[in-house]
Amino acid sequence: MEVVNMLEIENLEVGYGTIKALHGVSLRVNQGSIVTLIGANGAGKSTTLRAISGLIKARGGKVRYDGEDITNLPPHAIVARGLCHVPEGRMVFANLTVEENLRMGAYLRKDKPGVAADMEFGYEMFPRLRERRHQAAGTMSGGEQQMLAIARAIMSKPRCLMLDEPSLGIAPILVRSIFEQIVAINKARGITILLVEQNANLALAVSHHGYVLETGKVLFDDTSAALRTNPQVRAAYLGG
Ligand SMILES: Nc1ncnc2c1ncn2[C@@H]1O[C@H](COP(=O)(O)OP(=O)(O)O)[C@@H](O)[C@H]1O
Ligand SMILES: [Mg+2]
């Protein structure tokens, strides 16, 4: 298979006021792969995703998606190209039902049969969502809301999905189911995935390639298999 860079970040620099959060981050995500970005709290993982999806301005560097420069385009223009970001903390519409949330994810689409099929796909992925389809999203558990956030993202028909800490604060049994479905989304739909995680063990187990971020810089860039056996990575991120 020809290797195509779906996402290419070059020397990205981002700051909040006078605080510099990213000091020239470069990374690549090949089409069809799962790439993970791991690192401690505050390393700059979320900032990287926010800059890619246009939620925060890059002060320097480039973001290329599908061969085109998308640096600092407005978020809606980036979503419209099929690059979808599931932010940290899930952010589902608490007062809307599960099904209403899913429909919101498809608001840019006109292909009704496709929308219905993708909703069915979401319910097959996460049967809990089907059971709760008329329930207000805000009344569900954190893990169920994470499932909804992922299923809603699929409703926008992304070609590339960025997930920010899908395991954060979620019961282990639901984490396993969510990670199985992340792999299934990648395999069954060919959706390219950039996965941000503090849970490095989990993220490296499901991804092809990984980057370790430390205080706004890439410290390691390797296959996930190699990172899992790298002594420094093991000591600092995998619990020895
Ligand atoms: N809204 C913000 N205002 C000011 N500083 C921020 C803001 N968000 C993040 N930061 C700072 O930017 C750095 C990177 O944060 P973040 O990208 O959230 O890290 P991670 O997602 O890896 O935990 C940290 O030093 C953090 O304190
Ligand atoms: Mg974060």
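The rules we used
- Residues numbered from 1 in each chain as written.
- Chains lettered and ligands numbered in written order.
- Predicted model: local features only at pLDDT ≥ 70, side-chain atom pairs only at ≥ 80, totals over all residues.
- Helix = DSSP H or I, 4+ residues; strand = E, 2+ residues; numbered from the N terminus.
- Rg over C-alpha atoms; globule rule 2.2 N^0.38 Å.
- Buried ≥ 20, exposed ≤ 12 C-beta atoms within 10 Å, placed from the backbone.
- Contact = placed C-beta atoms within 7 Å.
- Near = placed C-beta within 6 Å.
- Nonpolar A, V, L, I, M, F, W, Y, C, P; charged D, E, K, R; others polar.
- Pairing = 2+ DSSP bridges.
- Axes fitted to C-alpha atoms, helices over the stretch in contact; angles between N-to-C directions.

### Remarks on the overall build of the chain
Looking only at helices and strands, the chain has 10 helices and 10 strands in total. On C-alpha atoms alone, the chain measures out to a radius of gyration of 17 Å, which is about the 18 Å that the 2.2 N^0.38 rule sets for 240 residues. Over its C-alpha atoms, taken along the principal directions, the chain stretches across nearly 45 × 40 × 40 Å. Looking at the chain residue by residue over its 240 residues, the buried ones come to 42%. Of the contacts made within the chain by residues no fewer than 6 positions apart, 67% connect residues no fewer than 24 positions apart.

### Considering the site of ligand 1
Neighbouring ligand 1 are Tyr-16, Ile-19, Ala-21, Gly-39, Asn-41, Gly-42, Ala-43, Gly-44, Lys-45, Ser-46 and Thr-47. Counting only elements with at least two residues in the shell around ligand 1, the list comes to β2 (19–30) and α1 (45–52). When residues of the shell around ligand 1 are assigned to their parent elements, the largest contribution, 3 residues, is made by α1. Class assignment of the residues belonging to the shell around ligand 1 gives a composition of 4 nonpolar, 6 polar and 1 charged.

### Considering the sheet that holds strand β5 (residues 68–69)
Taken in spatial order, the 4 strands make up an open sheet running β2-β1-β4-β5, and their pairing is antiparallel. Each of the sheet's edge strands pairs with one partner strand only, and the pair in question is β2 and β5. As defined by bridge partners, strand β1 (residues 5–16) adjoins strand β4 (residues 60–65) across 5 bridges and the pair is classed as antiparallel. The residue bridging Leu-7 from the neighbouring strand is Tyr-65, located in β4. Along the sheet face, α1 touches β1, β2 and β4 and points at about 115° away from the line of β1.

### Some points on the pairing of strand β9 (residues 209–214)
In terms of residue burial, β9 counts as a mostly covered element, since 5 of its 6 residues are buried. Relative to β9, strand β3 (residues 34–38) runs parallel, the two sharing 4 bridges. What sits directly across from Ile-38, in β9, is Val-212. Two strands pair when backbone bridges link them, and β9 and strand β10 (residues 217–223) are joined in this way by 6 bridges, in the antiparallel orientation. Bridging across to β10, Gly-210 finds its partner in Asp-222. Here β9 folds back onto β10 in antiparallel fashion, the turn holding 2 residues, of which Thr-215 has a positive phi close to 35°.

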